[in-house]
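Understanding the architecture of this molecule
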Amino acid sequence: MVLKRTAMLIMAVVMSFIAVFTVTPGQTHVQASSQYGKLERNINAIIADASKKSVVSSVTVRKASTGEIIYEANADGKVTPASTLKLLTSAAALETLGEEYRFTTDLLTDGSIAKGVLNGNLYLRGQGDPTLTKKDLDQFAATLAKQGVKTINGDIVGDDSWFDSVRLSPGIDKSDETYYYAAQISGLTLSPNSDYDAGTVIVNASPTKKGYKAKVTMTPDTGIITVVNKSNTVPKGNKNTLSIKRQHGTNTIIIAGNVPLGSAGKKEWVTVSNPTAYTLDVFKKSLLAKGIKFTKSSKVGRREVPQSATVITSRQSMPLKSLMRPFMKLSNNTHAEILAKTMGKQVYGDGSWNAGLRVMREFGQSVGLRSTEWNFEDASGMSHKNKVTSAQMTELLFAARQAPWYGSFVQGLPVSGMNDRFVGGTLKNRLTGSAVKGKVVAKTGSLNRVNSLAGYAETRDGETLIFSILTQGQKTTALPAIDRIATIITTTTK
């Protein structure tokens, strides 16, 4: 499904907030340009209410027109950015790969077709396309069928060598590995739907009859997953206690708990172990569905395509400028890590995190960022070891406005209070009041005891401000305080 790409003309404000937390000891609350005195007073009032709570924060607000800092609080303090790190990833990707960059997936063979038999191996060669779906694999199968292929006398092979074999970034905890936001990264991967959560399968468990197990379906259907169903259907009105999790280190998904009659049950996007094997398995099912059979000696495996192989057909993804919407609106971690490895491959011929993060650092230096103030070990923001200052984050956002790809960059950012999830994204249900709805265009970030927001906001005077709010250490979420400050900024005049 091609996503809507209407570029959003919304600019932004939001300033620095630190609500619900304290400032670093020895530092005054904040400093603000005298023209923004009301802004300063209102923010300081929120800070004062929260000054008894020890939360580390860093906040900076700049004029979008000049880059002048008009408000700051611990602006040079390093704080975990969470998913606001994706601002750097997306900017670096647009600069390095280009707005029109497309991922390519090839179908190849090293054999020939004679009398309905493909005598040779069939290869799927990927470049990490996160938008590849079963529908695309069905189309590959249909192309073979149209060429008269009815039997494959050879292997089905996946070539994922575009990236290295390291599947998870350092910040992924063992307990996270079952969840969609911690999917394994592979040069050949598959998404279950148009949210493009590559490397996951959608598992749905629904009630059947009292005392019976839940009905379980997978999208797409795949034989590499083993489902252990320990669930129980219970009378209507009981609590839904279903859990759907992949057993660590396996492709066994365990479904346990009670599912009440009359309920929708539960749906989870569960990661797979070995996305390459997952993609090949679904492709084999697509071939069988088109009436294409295999000889007894046919196997499914992973290796590189030989130079002698020829391309049967190829599939290209949407351009990077369009991918910005599902990537940034939905804060897709897998997209971020795939883009990092792709940048490494493009610049250094090395589809690894080391190479990709090096490209990101070099991009930052090229636009005037100070590398000593950016510490990161992934591209998605999952690691708590990632650190950056709010001053540097706003420097990045200011530099982005000067870039030729800025339109693609900003149209990917979530927009406050907008109900369409491919417009509002992770801000869909936040900042919904009439005074602030549609006026904040920013990237959210959230980890355990970490909240952040960084982007652009429009004041009542029509001025665009750049802001970054980074917080860590809070025992309860800082989102309400962040949103109160955003609302104050959009309704404040000089």
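Fair warning: this is a prediction, and the values are worked out from it, not measured in the lab.

1. Brief notes about the confidence of the model for the protein chain
- Across the protein chain, pLDDT averages 91, with 91% of residues at or above 70.
- Between residues 1-31, whose pLDDT stays under 50, and residues either more than four places distant or in other chains, the model counts 137 contacts.

2. So, helix α2 (residues 86-97)
- Taking 1.5 Å of rise per residue, 12 residues should cover 16 Å, and α2 covers 15 Å from first to last C-alpha, within 8% of that figure.
- In terms of burial, α2 is largely enclosed, as 10 of its 12 residues are buried.
- Taken together, the buried positions of α2 are Lys-86, Leu-87, Leu-88, Thr-89, Ser-90, Ala-91, Ala-92, Ala-93, Leu-94 and Leu-97.
- With its phi angle positive at about 95 degrees, Gly-98 sits one or two positions after the end of α2.

3. Digging into the pattern of salt bridges
- Applying the stated criterion across every chain yields a total of 16 salt bridges.
- Of the charged contacts in the structure, one is a salt bridge between Lys-321 and Glu-100, with a shortest N-O distance of 2.4 Å. One end of the pair, Lys-321, is in helix α5 (residues 320-329); the other, Glu-100, is in the loop between α2 and β4 (104-109), and 221 residues separate them in sequence.
- Residues Arg-125 and Asp-106 are paired through a salt bridge, measuring 3.0 Å at the closest nitrogen-oxygen approach. With Arg-125 in strand β7 (residues 122-125) and Asp-106 in strand β4, this pair connects stretches of sequence that are 19 residues apart.
- Note on Asp-106: relative accessible area 10%, which makes it buried.

4. Concerning the sheet that holds β4
- Taken in spatial order, the five strands make up an open sheet running β17-β9-β7-β4-β18, and their pairing is mixed. Strands at the two margins of the open sheet, each flanked by one partner only, are β17 (300-302) and β18 (310-316). Direction aside, the axes of adjacent strands within the sheet are offset by 20 degrees on average.
- With four bridges joining them, β4 and β7 adopt antiparallel strand pairing. Note on β7: the bridge partner recorded for Asp-106 is Arg-125.
- Where helix α3 (residues 134-146) meets the sheet, its contacts fall on β4, β7 and β18, and the angle it forms with β18 comes to roughly 150 degrees.
- This element, helix α4 (residues 275-289), spans β4, β7, β9 (156-159) and β17 of the sheet and lies at about 145 degrees to β9.

5. Things to note about the packing of aromatic side chains
- Tallied over the entire structure, the rule returns seven aromatic pairs.
- On the numbers, 5.6 Å between centres and 80 degrees between planes, the contact of Tyr-180 with Tyr-181 is edge-to-face.
- Looking at Tyr-181, the relative accessible area reads 27%, which means it is partly exposed.
- Their ring planes at 85 degrees and their centres at 5.8 Å tell us that Tyr-406 and Tyr-456 sit as a pair that is edge-to-face. Of this pair, Tyr-406 sits in helix α9 (residues 406-411) while Tyr-456 sits in strand β22 (residues 450-458), and the two are 50 residues apart along the sequence. Exposure class is identical for Tyr-406 and Tyr-456. Each is buried.
- For the cation-ring pair, Lys-345 lies above Trp-162, with the distance from its terminal atom to the ring centre recorded as 4.9 Å.
- Over the face of the ring belonging to Phe-422 we find Arg-421, whose NZ or CZ atom lies 5.4 Å from the ring centre.

6. Things to note about the environment of Thr-208
- With respect to the element layout, Thr-208 can be found in the loop between β10 (200-206) and β11 (215-219).
- When its relative accessible area of 32% is taken as the criterion, Thr-208 is described as partly exposed.
- Thr-208 sits 52 residues away from Pro-260 along the chain, and the two C-alpha atoms are 9.0 Å apart.

7. A look at unusual backbone geometry
- Across the junction of Thr-219 and Pro-220, the peptide omega takes the value -10 degrees, indicating a cis bond.
- Relative to the helices and strands, Pro-220 is located in the loop between β11 and β12 (226-234).
- Of note in this structure, Lys-115 is not a glycine but carries a positive phi near 55 degrees.
- Here Lys-115 shows up in the loop between β5 (112-114) and β6 (117-119).
- Positive phi outside glycine occurs at Ser-331, with the angle close to 55 degrees.
- When you line up the elements, Ser-331 lands in the loop between α5 and α6 (333-348).

8. Things to note about the side chain of Asp-176
- Within the secondary structure, Asp-176 is located in the loop between β9 and β10.
- Within the buried set, Asp-176 has no salt-bridge partner at all; the shortest N-O distance to an opposite charge, 9.5 Å, is to Lys-245.

9. Some points on the sheet that holds strand β13 (residues 243-246)
- Taking strand neighbours across the sheet as the criterion, the three strands line up as β12-β14-β13 in an open arrangement whose pairing is mixed. Unpaired on one side and paired on the other, β12 and β13 mark the two borders of the sheet. This sheet shows a mean twist of 5 degrees between the axes of neighbouring strands, independent of strand direction.
- The pairing of β12 with strand β14 (residues 252-260) spans nine bridges and is parallel. What sits directly across from Asn-229, in β14, is Ile-255.

Rules used throughout
Residues numbered from 1 in each chain as written. Predicted model: local features only at pLDDT ≥ 70, side-chain atom pairs only at ≥ 80, totals over all residues. Heavy atoms only, no water. pLDDT = per-residue confidence, 0-100. Contact = heavy atoms within 4.5 Å. Helix = DSSP H or I, 4+ residues; strand = E, 2+ residues; numbered from the N terminus. Expected span 1.5 Å × (residues − 1). Buried < 20%, exposed > 50% of the residue type's maximum accessible area, 1.4 Å probe, protein only. Salt bridge = Lys/Arg side-chain N within 4 Å of Asp/Glu carboxyl O. Pairing = 2+ DSSP bridges. Axes fitted to C-alpha atoms, helices over the stretch in contact; angles between N-to-C directions. Phe/Tyr/Trp six-rings, centres within 6.5 Å; stacked < 30°, edge-to-face > 60°. Lys NZ or Arg CZ within 6 Å of the ring centre and 35° of its normal. Lys, Arg positive; Asp, Glu negative; His and termini not counted.

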